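Topology and contacts: notes
Below are the chains, spelled out letter by letter.
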Amino acid sequence: MTTTIPIDQFCSHDVTRPELTAPIYYAGHAYATDGHIAIAVPSPGREDTPDNVYGQRMAKTIAEAHAERFKNPTAPPTDFPRVVWQPCPDCTAKGKPSAGCDWCDGSGNEATPVLRGVLCGNHRIDEYYIEMLELLPKVMWDVSFPYTAQWKDQAIPFTFTGGRGAVMGMRQP
Ligand SMILES: [Zn+2]
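Here is what the cut-offs are and how they apply
Residues numbered from 1 in each chain as written. Predicted model: local features only at pLDDT ≥ 70, side-chain atom pairs only at ≥ 80, totals over all residues. Helix = DSSP H or I, 4+ residues; strand = E, 2+ residues; numbered from the N terminus. Rg over C-alpha atoms; globule rule 2.2 N^0.38 Å. Buried ≥ 20, exposed ≤ 12 C-beta atoms within 10 Å, placed from the backbone. Contact = placed C-beta atoms within 7 Å. Pairing = 2+ DSSP bridges. Core = buried A, V, L, I, M, F, W, Y, C linked by C-beta atoms within 7 Å.

Counting secondary structure elements, the chain contains three helices and ten strands. Its helices and strands in sequence order give the chain the pattern β-β-β-α-β-α-β-β-β-α-β-β-β, from N to C terminus. Since a compact globule built from 173 residues should have a radius of gyration of about 16 Å, the 16 Å found for the chain is in line with a globular shape. With the principal axes as the frame, the chain shows a C-alpha extent of 45 × 40 × 30 Å. Looking at the chain as a whole, 27% of its 173 residues qualify as buried. Residue pairs at least 24 apart in sequence account for 52% of intrachain contacts in the chain once pairs closer than 6 positions are excluded.

See below:
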């Protein structure tokens, strides 16, 4: 069975973090992360990536998020102010998307400068990541845990058909 989950799209575009620009295979799962969102899908029979410290880290983060905080699953919002993407000004000036661009991480696109973040439950989530979740089938997350000193830096767990993951919220005042 082949997966239809677009796992590559969850990898980092940042060439200064080459270890995150491709899926990492660890303990029967494929992991992808850009440092703020991580997903895991079963990948039976696939050999582990030789240097999989990030795979181990993602496995732990996702497992803890689900064990501790996946209690009241709800669907992410679909009705929120959408990010308007436009060409990265820095890369446009240089003529092409530049790997390692500080501004856009080499994607060539940058969001219009709007107030970012949608309040979902007790957490503020970057619109970009809500749109990333729309790439996955039947996402449910838990944003009901409190934004307190204990929990504010903890990832928000989510599931989807064929896998699960965790996403970081934004800092709140
Ligand atoms: Zn750029």
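The structure having been displayed, the exposition proceeds.
Here we come to the sheet that holds strand β1 (residues 24–26). If you walk across this open sheet you meet the six strands as β1-β2-β3-β10-β9-β8, and the pairing is antiparallel. The sheet is open, and its two borders are formed by β1 and β8 (140–141), each paired with just one other strand. With four bridges joining them, strand β3 (residues 37–42) and strand β10 (residues 163–167) adopt antiparallel strand pairing. Opposite Ala38, over in β10, you have Ala166 as the bridge partner.

Turning to the pairing of β10, a few remarks are in order. Of all five residues making up β10, five are buried, and the element is well covered by its neighbours. With burial as the criterion, each face of β10 is covered, one bearing Gly163, Gly165 and Val167 and the other bearing Arg164 and Ala166. Direction of pairing for strand β9 (residues 156–160) relative to β10: antiparallel, over a ladder of five bridges. Bridge pairing links Ile156 to Val167 in β10. Hairpin connection of β9 to β10: two residues between the antiparallel strands, including Gly162 at a positive phi of 100°.

In this section: the environment of Phe158. The topology assignment puts Phe158 in strand β9. C-beta crowding within 10 Å serves as the criterion here: with 27 such atoms nearby, Phe158 is assigned to the buried category. A C-alpha to C-alpha distance of 25 Å links Phe158 and Ser107, two positions 51 residues apart in sequence. In contact with Phe158, not counting residues within four places along its chain, are Leu133, Val139, Met140, Trp141, Arg164, Gly165, Ala166 and Val167.

Take the nonpolar core next. Core analysis: the biggest nonpolar cluster contains 27 residues, and Tyr31, Ile37, Ala38, Ile39 and Ala166 have the highest contact counts within it. Only β1, β2 (29–33), β3, α1 (53–69), α3 (127–133), β9 and β10 provide two or more residues apiece to this core. With four residues, the single largest contributor to this core is β3. Setting aside residues no more than four positions away along its own chain, Ala38 makes contact with Tyr31, Thr33, Met58, Thr61, Ile62, Gly165 and Ala166.

Let us look at unusual backbone geometry. Backbone geometry at Ala27 places phi at a positive 50°, although glycine is not the residue there. Tracing the chain through its elements places Ala27 in the loop between β1 and β2. Overall, Ala27 belongs to the exposed group, with 12 C-beta atoms counted inside 10 Å. The backbone phi angle of Lys138 is positive, close to 50°, even though this residue is not glycine. Residue placement: Lys138 occurs in the loop between α3 and β8.

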